[in-house]
Amino acid sequence: MMSTPPPRVAVLASGRGSNLAALLDARARGELAVEFVLVGSDKADAGALRLAEAANIPTLALDPRSYPDRPAFDRDLFARIAASGAQWLVLAGYMRIIDGAALAPWVGRMINIHPSLLPKYPGLHTHRRALRAGDREHGASVHFVTAELDGGPLIAQARIAVGADDSEEALAQRLLPLEHRLLPAVLNLLAVGRLQWRDDAPQLDGRPLLAPLLLAERGLQAAE
Ligand code: GRF
């Protein structure tokens, strides 16, 4: 029986690409049934592009300064993502806000990882904001991307305790390994068809996903 080809995935990243590395590692371990068809960036010197090159994945670097405005940049970027044949798009440390018109065709096929327990702290400097608020818990979220910045429906979260003397760096460093387990686990749910986008909302195993899954020792678990 012909096996169905793995879903084709494009990734956007602006920086070092540790989340991309986690995706590539999960795939290499046989834990992520996808084919990466493109890694794109708004930074030609992004470490994520070097990781992609080393993995023989096609790369794309577009310089926003070469475009008259955000819509023009995003139109070109997303046209090339579509041309790559990607069926899913993952934002893995991508630091640009995306124009709504470019985004619209991808709603339901695009996920993002954000280092906070959304809906708390959309935007930047999440670890600093959690510390300043005196939060006892912090974490990361993977959500479907919609036009609302960091506001799309939640899929899964990883939680960590905040230490009394945690610095912003210490908190970020302690959270990162959980991000590296969370993102591949969510992408794999999409890849195997358990996680779907139906009627403008996430469904897991055919039922509305009303609360984000939680990352536990043994993987993603339904929220209590
Ligand atoms: C990560 O904390 C991710 O959650 C955020 O950007 C940070 C860097 O990501 N979006 P990476 O190391 O470049 O994957």
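Look up a bit, the structure's there.
Residues numbered from 1 in each chain as written. Predicted model: local features only at pLDDT ≥ 70, side-chain atom pairs only at ≥ 80, totals over all residues. Heavy atoms only, no water.

**Observations concerning the pairing of strand β5 (residues 110–114)**
- Where burial is concerned, most of β5 is hidden: 5 out of the 5 residues are buried.
- Going residue by residue along β5, you find Met110, Asn112 and His114 tucked away on one face and Ile111 and Ile113 tucked away on the opposite face as well.
- Pairing geometry for strand β4 (residues 88–91) and β5, over 3 bridges, is parallel. Along β5, the bridge assignment pairs valine 90 with isoleucine 111.
- Sheet topology places β5 next to strand β6 (residues 137–144); 4 bridges connect them, and they run antiparallel. When the sheet's bridge partners are listed, histidine 114 is paired in β6 with serine 141. (Buried < 20%, exposed > 50% of the residue type's maximum accessible area, 1.4 Å probe, protein only. Helix = DSSP H or I, 4+ residues; strand = E, 2+ residues; numbered from the N terminus. Pairing = 2+ DSSP bridges.)

**Let's talk about the pattern of salt bridges**
- Inspection of the entire model under this criterion finds 9 salt bridges.
- As a salt-bridge pair, arginine 80 and aspartate 76 come within 3.0 Å of each other at their nearest N and O atoms. Of this pair, arginine 80 and aspartate 76 both sit in helix α3 (residues 70–83), 4 residues apart, which is roughly one turn of that helix.
- In this structure, aspartate 135 engages lysine 120 in a salt bridge whose closest nitrogen and oxygen atoms are separated by 3.1 Å. Residue aspartate 135 is located in the loop between α5 (126–132) and β6, and its partner lysine 120 is located in the loop between β5 and α5; the two are separated by 15 residues in the primary sequence. (Salt bridge = Lys/Arg side-chain N within 4 Å of Asp/Glu carboxyl O.)

**Brief notes about the packing of aromatic side chains**
- Evaluation of the coordinates by the stated rule reveals 2 aromatic pairs.
- Aromatic pair tyrosine 67 and phenylalanine 73: ring centres 5.3 Å apart, planes at 90 degrees, arrangement edge-to-face.
- Here phenylalanine 73 falls in the buried class, since its relative accessible area comes to 1%.
- Taking NZ or CZ as reference, arginine 96 lies 4.3 Å from the ring centre of phenylalanine 73, over its face.
- The ring of tryptophan 106 has arginine 109 lying over it, and the distance from NZ or CZ to the ring centre is 4.0 Å. (Phe/Tyr/Trp six-rings, centres within 6.5 Å; stacked < 30°, edge-to-face > 60°. Lys NZ or Arg CZ within 6 Å of the ring centre and 35° of its normal.)

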